[in-house]
Amino acid sequence: MTPEELKALVRTIPDFPKTGIQFRDITTLLGHGRGFAASVEWLAGEVEGADAIAGMEARGFIFGAAVAVRLGLPFLPIRKEGKLPCTVIGVDYELEYGLDRLEMDPAAVSDGQKVAIVDDLLATGGTALAATKLLRKAGARVDRAAFAIDLPDLGGSEKLAGQSVEVRALMAFEGE
């Protein structure tokens, strides 16, 4: 399937979660077997050469784990605070309406391991930047990230590029 055909599978819900936001709903893409498979295949091609794939809770688990399986690589779950039963390292980061925290098992990464980030959507880049910082804190080399959707008007791609992370996106939607 072409990127335009895949883009047509993403449902747009106006004014959610608040007025003026155009919510890009990936559940319609996930619910289309061929479309989901084509998306995973495209994302896998963009991160080939990595030693491991990291995905952020929760939708990053869907795409990231599928890409890791496709490439035969380890999957590194980047979790929300308090979800892991082991000793963790964490990074606090700002959201538009408060603070959040990402955590991971530092033993999941070996020093210098090439880790690519895979997620469903890149908006302002806050979560992806926090994941990059966390993975680097654990010793990983992070220089690539692939997303099913980019919202370029929100600037996340530029912020990641400023941290020497090359960003690839299967599709882009203008606006918020």
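What counts, and at which threshold
- Residues numbered from 1 in each chain as written.
- Predicted model: local features only at pLDDT ≥ 70, side-chain atom pairs only at ≥ 80, totals over all residues.
- Heavy atoms only, no water.
- Helix = DSSP H or I, 4+ residues; strand = E, 2+ residues; numbered from the N terminus.
- Rg over C-alpha atoms; globule rule 2.2 N^0.38 Å.
- Buried < 20%, exposed > 50% of the residue type's maximum accessible area, 1.4 Å probe, protein only.
- Contact = heavy atoms within 4.5 Å.
- Areas by Shrake-Rupley, 256 points an atom, 1.4 Å probe, with all protein chains shown as cover.
- Lys, Arg positive; Asp, Glu negative; His and termini not counted.
- Charge placed at Lys NZ, Arg CZ, Asp CG, Glu CD.
- Pairing = 2+ DSSP bridges.
- Right-handed = clockwise from strand over helix to strand, strands pointing away.
- Salt bridge = Lys/Arg side-chain N within 4 Å of Asp/Glu carboxyl O.
- Axes fitted to C-alpha atoms, helices over the stretch in contact; angles between N-to-C directions.

In terms of regular secondary structure, the protein chain is built from six helices and nine strands. A compact globule built from 176 residues should have a C-alpha radius of gyration of about 16 Å, and the protein chain, at 15 Å, falls within 12% of that. Taken along its principal axes, the extent of the C-alpha atoms in the protein chain is 40 × 35 × 30 Å. Every one of the 176 residues in the protein chain was classed for burial, and the buried ones make up 42%. Restricting to contacts in the protein chain with at least 6 residues of sequence separation, those with at least 24 account for 57%. As displayed, the protein chain has an accessible area near 8600 Å², and 51% of this comes from carbon and sulfur atoms. Of the charged side chains in the protein chain, 19 are positive and 26 negative; the average position of the first set lies 2 Å away from that of the second.

As defined by bridge partners, strand β8 (residues 141–150) adjoins strand β9 (residues 166–172) across six bridges and the pair is classed as parallel. If you follow F147 over to β9, its bridge partner there is A169. Where the polypeptide runs from β8 across helix α6 (residues 156–161) and back to β9, its parallel neighbour, the crossover connection is right-handed.

Tallied over the entire structure, the rule returns nine salt bridges. The partner of E41 in a salt bridge is R70, with the nearest N and O atoms 2.8 Å apart. Separated by 29 residues along the polypeptide, E41 in helix α3 (residues 33–47) and R70 in helix α4 (residues 59–71) bring together distant segments of the chain. The exposure class of R70 is partly exposed, given its relative accessible area of 42%. Note that E103 is salt-bridged to R101, the shortest N-O span being 3.1 Å.

Our next topic: the sheet that holds strand β5 (residues 89–95). Judged by pairing direction, the sheet is mixed, and its seven strands sit side by side in the order β5-β6-β4-β3-β7-β8-β9 without closing on themselves. The sheet is open, and its two borders are formed by β5 and β9, each paired with just one other strand. Within the sheet, the average angular offset between the axes of one strand and its neighbour, ignoring direction, is 25°. Pairing of β5 with strand β6 (residues 98–104), which is carried by seven bridges, proceeds in the antiparallel orientation. Within β6, the residue paired with D92 across the bridge is R101.

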